[in-house]
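Structural features, examined
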Amino acid sequence: MYFLQYYRFIIYIVRLIETNAEITLEIATDTVLLGKDIVLTCTVNGIENIDRQTTRQWSMGNDDELLCYNGRINNPRKYKENILAANEFSLTIINVTKVDLNVLYQCRYGFDAASKFIEEDEPISFLSLRLTTDLIIFRGYIILTCAVNGIRTVDRDVTRQWSLGNDDQLLSYNGRINNRRKYEETVLSGNEFTLKIFNVTEEDLNVTYRCRYGFDSANTFIDINEYNYINPPMPESTSIRYFLEKEMDTINISVYFKKVFLVPSCSLDIDTPNFDITDLSEYEVYMDVNLSLRLQRIVACDQSFNISCLLGRIQYDVGYLTIKDECFIEGISTANIIIIILSCTLIILLMLILKTVLVIEKRLVIVHHNTKGELNEMISKSKY
């Protein structure tokens, strides 16, 4: 019995000498990151296939802690061994933690061994920059958010930077702002930091912004369109006029907007059609618009109107209009005409009343005169 075991051992040694086996250990995983799996591959050079009768072993650390012996795993939830095609076998380390890294790993095949020191790779951080304001309102504010992917929190010791335009005009460096009335940087609790831009003007739009974190950078172009931008009407750049069209006996109301976006959809607060576009001039980030509405003078005179306009999803009141001047006819207003008519009517009534009184009084005088004559005649007859 002992002779047989000794014979097999001698044969095994002879085979190892004949194959002159040499093994190497490499990491088959591209990156070594916390929370991911990594695969170690042990290659036995000089043989065609792995002999399952030959001892295979995996261990770690300076004290050579045993992880796997001929496929028997000490922690199946943490490790898994595979015999690959040809001359390789591997060990998968599942859900890598800090304990699994910065450690020396060793694989053995027979009497040969190879080792590899596994350390954590630097996180692959890349930036993404986006506009987080849903609606850009001219003279309002917008917020740009820079996300550092691959990290949990922003490291304040790493350089942060914001810049603008093709010439890379510096706006902020590690929180130091070049114009505090215009910009504000905030480092959020996670892996993001933001730039807030106040009082948005033409210079802030249709331009490229850039954020940097360490050696990485990301760009975004602020492009305005009918869905994300509004330039609201302002009192100082809005004028409301009205004039009489005598031939048509109508009053034409016009509203002129300078520097607005989008085209305003305007109406009066009474049951009338909306204003029509009579003139439109488009520029890069705004437009000049003239609107008009024609009303019959009898409808418009002595009326007060509120003009409201819809831009995108927001309603704006742009003016309150009272029409009086065009209700005058040859210098006399409708109200005055009514007063004159009433006055004339009253005078005519008074004249009729006076005439009636005079006629009645005259008749009374005649009656009195006749009655007095008859009385005198009767007195004279009585004397005789």
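A few points on the structure. Small disclaimer: the values here were computed from a predicted structure and weren't measured. (Residues numbered from 1 in each chain as written. Predicted model: local features only at pLDDT ≥ 70, side-chain atom pairs only at ≥ 80, totals over all residues. Heavy atoms only, no water.)

Some points on the environment of R160
Note the threshold: What counts as a helix is a DSSP run of H or I of at least four residues, what counts as a strand is a run of E of at least two, and both are numbered from the N terminus. Buried residues are those whose accessible area, probed at 1.4 Å on protein chains only, stays under 20% of the maximum for their type, while exposed residues exceed 50% and partly exposed ones sit between those limits. Any two residues having at least one pair of non-hydrogen atoms within 4.5 Å are treated as being in contact. N or O atoms closer than or at 3.5 Å make up a polar contact, with two conditions inside protein: a donor-capable atom paired with an acceptor-capable one, and, for residues adjacent in sequence, both atoms drawn from side chains.
Tracing the sequence through the fold places R160 in strand β13 (residues 160–164). Given the relative accessible area of 5%, R160 is considered buried. When the C-alpha positions of R160 and Y213 are compared, they lie 4.8 Å apart, and in sequence the two are 53 residues distant. In contact with R160, other than residues within four places in its own chain, are V154, S172, Y173, N174, G175, E185, V187, F193, R212 and Y213. Separated by 3.1 Å, the side chains of R160 and E185 make a polar contact.

What about the pattern of salt bridges?
What counts, and what does not: Salt bridges, as used here, are contacts in which a Lys or Arg side-chain nitrogen is within 4 Å of a carboxyl oxygen on Asp or Glu.
Scanning the model with the defined rule gives 12 salt bridges in all. Ionic pairing is found between R160 and E185, a salt bridge with its closest N-O pair at 3.1 Å. Of this pair, R160 sits in strand β13 while E185 sits in strand β16 (residues 183–187), and the two are 25 residues apart along the sequence. Assessed through its relative accessible area of 15%, E185 is described here as buried. The closest approach of N and O atoms between R294 and E245, which form a salt bridge, is 3.0 Å. Here R294, found in strand β25 (residues 287–296), pairs with E245, found in strand β21 (residues 238–245); they are 49 residues apart in sequence, far enough to count as distant. Judged by its relative accessible area of 17%, E245 is buried.

Quick notes on the nonpolar core
Across soluble globular proteins, you tend to see nonpolar side chains buried next to one another. The cut-off we apply is this: We define the nonpolar core as a collection of buried residues of types Ala, Val, Leu, Ile, Met, Phe, Trp, Tyr and Cys that are connected through side-chain atoms lying within 4.5 Å of one another.
The biggest cluster of nonpolar side chains holds 59 residues, and the ones touching the most others in it are W162, F193, Y209, I253 and F275. Listed in part, the 25 residues of the second largest apolar core include M60, F89, V96 and Y109.

Structural notes on the side chain of N87
As for its placement among the helices and strands, N87 is situated in the loop between β6 (79–83) and β7 (88–93). In terms of polar contacts, N87 uses its side chain to reach the backbone carbonyl oxygen of V44, at 2.8 Å. With sequence-adjacent residues up to four places away left out, N87 is seen in contact with C42, T43, V44, N45, I47, E48, N49 and I50.

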